[in-house]
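# Survey of secondary and tertiary structure
Residue-level listing of the chains:
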Amino acid sequence: MHGRPRKAPKPEDEAASSAKAQKLRALQTQFFSFHHNKIYTKEAVELSAKLLEINPESYTAWNYRKLAVEHYLNLPDCNPDSIKSVLDDELRVVENALRQNFKSYGAWHHRKWVLSKGHSSIDNELRLLDKFQKADSRNFHAWNYRRFVAESMKRSEQDELKYTEDMIYANFSNYSAWHNRSVLLSALFDKKAEGFLLKEKVLPEEYEFIHQAIFTDPDDQSGWFYHLWLLDQTVTTDSPLLASSWPGHGSDVLLVGDRCYNGSAFSPFSALHSDSGSFPIVLYFNQPVRGVNSSTVTVECGFNKNEDLLWKPLSASNSQTARVWVAHLKVPSSDLHSTVEVSVGHTKGIISTRGFEYSHPSMLSFKVHVQPMERDSSQVSVAESISLREENFKVYGKQSEESIIDSFDQLIIKNGRETTASNWRFEALAKEIECFRELLSLVDCKIGKLTLARLLKAYDAMSYPFANKLVHSEEVLELYSDLMKLDRTHYQFYKDERSIVLLQKYKDSVSSAICGPICLRLNNLSLSRMGAFEKLLWVEMLDLSHNELQSIEGLEAMQLLSCLSLRNNKLRSLTALEPLRKLKLLRILDISYNQIGDHSIDTTRYVCSSPLSHSVGSELNRDETVTSDVALINNWEAFYIFKDFNLNQLDIVGNTIADEKFKSVLVKIMPKLKQLDGKLLD
């Protein structure tokens, strides 16, 4: 364990272990007889104590003792003295068990249970903890129990904070002490205790404190974890913010027939396939929130009532908490020129997962123009469909590029008040960047490079969009490239983080064809992870071909996508396509030459943020497949993923699953499909 090689047992150790096992089996046989027959005599209870002294991990024995205690406490002749005697015996049994194994979950939990009865003195607990923490100062069981004891004694967080400081000075490699310090400071920040009201007063002192440990031994990881926590406290605002939106503030939306055009005074119009008479309004927050509805977000315009709008969270877990929320605004089919004003958070109710209210109300305004156009639907053909051809990614002259980037930045919500309040954050990050550049000039430290990369990314993220570009992106990319070479064990993690930086950098690759869709080509970049979606909300054609993506989680935020190429990636299952179910405008999809069907186990659910967040099949009504043929029943996952798609074109060739039988299933699932693997369907 923990990298220590196993040693072959000596003969005398094997003999002792065999004798111990024989004694344990005899005790267990007799104990289970008492337990099953609910015998709680003194002899039976003492036998359970002997069993626990040999094996403190016997949960059944601890539960038996709880039952025995309840039995004695409910006797008619029970009095305060006898209650105290029974509970004191339990504390002695626990202490003996902990001497055998002071990392026993059952023993620590049983001690908490005894003390929660309220008949035992708690004054001795800190002295007992001191003994165990001298034996192993990093025993997290003892630290967890200490938090319980401190709360029971009404001991202040400030006193406990001083204790962690003493423990750290005794051994700065004490990870548990650093962790407990972060827990205590979080509690003090949350309750806005005296002296801890302003983070800008406390965090700089904590940075100085952690520097002593890091610079003393850069290879020790304990202090680095605490530094990562400090960085999170520095860059994360308590109150959630609206990071971006679509349509952007000051933009124009033009609906002509069944098409929607988006543009501004500074950029060409762009075509967007739209549902009949509606288009999405997308709100992208900097952290997951709940409570986005017609009460907290009001939409004022001359053609639609605010209460008619249904706001939906775009979350992989189908929860009511998400970073991205969308509503579809319906417009009349007649001529119309109207201004739409979206007010976010002027009424309380939007709350982050940490329980903080949205406290930076925002107002967005854009114009909507409707021009009806008669069109014979029978004239629509596959030939008119958008394709990822090179001419669709034509880039204009310098002036056009700059205007497109200007329009791109209109998506970003500029929270001026937050910037003013965050000056101390910039100063703290700048000081840390200087500090770790100095450290890396002295020693070649992997975790130091990772920390510097995180600091530079945080500084750039906080500066954008008030700075025109990410000034440290090249340095960060170089750091992650170095780490990929130095630390092959965590190669994939560094590659994923590098991919996010690349996406931030390549936002300037946005281009457009005249009166065509807004296109973004991110192919052949070795991307292994997607991100920066708040800056990509208005992209309609996206080329992610020839990368290394295993997951496209987060792509559901790009509600305008009508054409997507994921050709030549590493998608391993149909499950990986679940985010696309939320893209109602998607018409063309290329997932050819991936690894779908290669793996018997669906590893996608472990690539996503959490295996428990995966929801494929949770909404599926199996009766839907029963009414179809056997092929659909045997391909329920494909049925679930594709049944809500409105695709006109699909390319799936080059995947193991893509045989003729499976293609026939897809045609049944998607009757609107007109082209499959480049061939017109009858």
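Everything numeric here is computed off the predicted structure, so don't read it as measured data. (Residues numbered from 1 in each chain as written. Predicted model: local features only at pLDDT ≥ 70, side-chain atom pairs only at ≥ 80, totals over all residues. Heavy atoms only, no water.)

Scanning the chain from terminus to terminus reveals 22 helices and 19 strands. Evaluated residue by residue, the chain yields a buried proportion of 51% over its 682 residues. Excluding contacts between residues fewer than 6 apart, the proportion of contacts in the chain whose partners are at least 24 apart in sequence is 68%. For the chain, the computed accessible surface area is about 33,400 Å², with 51% contributed by carbon and sulfur atoms. (Helix = DSSP H or I, 4+ residues; strand = E, 2+ residues; numbered from the N terminus. Buried < 20%, exposed > 50% of the residue type's maximum accessible area, 1.4 Å probe, protein only. Contact = heavy atoms within 4.5 Å. Areas by Shrake-Rupley, 256 points an atom, 1.4 Å probe, with all protein chains shown as cover.)

Of all residues in the chain, 80% attain a pLDDT of 70 or more, and the chain-wide mean is 81. Considering only residues more than four positions removed or in separate chains, one finds that residues 508-516, a stretch of pLDDT under 50, has 30 contacts. The low-confidence segment residues 606-614 (pLDDT under 50) makes 14 contacts with residues lying over four places distant or belonging to another chain. (pLDDT = per-residue confidence, 0-100.)

With that settled, the discussion passes to helix α22 (residues 660-669). Listed as buried for α22 are F662, K663, V665, L666 and I669. Buried residues of α22 fall within an arc of 155 degrees about the axis and therefore sit on the same side. α22 presents E660 and K661 as exposed residues on the side facing more than 90 degrees away from its buried surface. (Arc of directions from axis to C-beta.)

Within strand β5 (residues 278-290), 10 of the 13 residues are buried, which leaves it mostly tucked inside the rest of the structure. Of the pairings in the sheet, the one linking strand β1 (residues 242-246) to β5 comprises four bridges and is antiparallel in character. Bridge pairing in β5 places L242 opposite F285. (Pairing = 2+ DSSP bridges.)

A regular strand places its side chains so that they alternate between the two faces of the sheet. In the sheet, β5 pairs with strand β8 (residues 322-330) via eight bridges, with the strands oriented antiparallel. Paired with F279 across the bridge in β8 is L329.

Defined simply, a disulfide is a covalent bond joining two cysteines at their sulfur atoms. In total, this model carries zero disulfides according to the counting rule given. As a non-bridged cysteine, C519 has C563 as the owner of its nearest cysteine sulfur, 8.0 Å distant. (Disulfide = S-S within 2.5 Å.)

Right, let's talk about the packing of aromatic side chains for a bit. In total, this model carries 21 aromatic pairs according to the counting rule given. For the ring pair Y40 and Y64, a centre distance of 5.4 Å and an interplane angle of 35 degrees mean the geometry is tilted. With a gap of 24 residues between them, Y40 in the loop between α1 (11-36) and α2 (42-54) and Y64 in helix α3 (residues 59-73) connect regions that are remote in the sequence. For Y40, a relative accessible area of 14% translates into the label buried. For the ring pair W178 and F209, a centre distance of 5.4 Å and an interplane angle of 50 degrees mean the geometry is tilted. Here F209 lies in helix α10 (residues 199-216) and W178 lies in helix α9 (residues 175-190), a separation of 31 residues in the sequence. Owing to a relative accessible area of 8%, F209 belongs among the buried residues under this scheme. Aromatic rings pair up to connect F102, W108, F132, Y145 and F148 into one cluster. One cation-aromatic arrangement involves K66 over W113; the distance from NZ or CZ to the ring centre is 5.6 Å. The positively charged end of R146 is found above the aromatic ring belonging to Y163, 3.5 Å away from the centroid. (Phe/Tyr/Trp six-rings, centres within 6.5 Å; stacked < 30°, edge-to-face > 60°. Lys NZ or Arg CZ within 6 Å of the ring centre and 35° of its normal.)

This part takes up the packing of α3 against helix α4 (residues 80-100). When two helices pack together, their arrangement is captured by the angle between the axes and the distance separating the axes. Two numbers describe how α3 lies on α4: the axes approach to 10 Å, and their chain directions differ by 165 degrees. One way to sum up the angle between α3 and α4 is to call them roughly antiparallel. Crossing hand, α3 versus α4: right-handed. Listed contacts from α4 to W62, R65, V69, Y72 and L73 of α3 are I83, V86, L87, E90, V93, V94 and A97. (Axes fitted to C-alpha atoms, helices over the stretch in contact; angles between N-to-C directions. Parallel < 35°, antiparallel > 145°, perpendicular 65-115°, else oblique. Left-handed = near helix turned anticlockwise from the far one by under 90°.)

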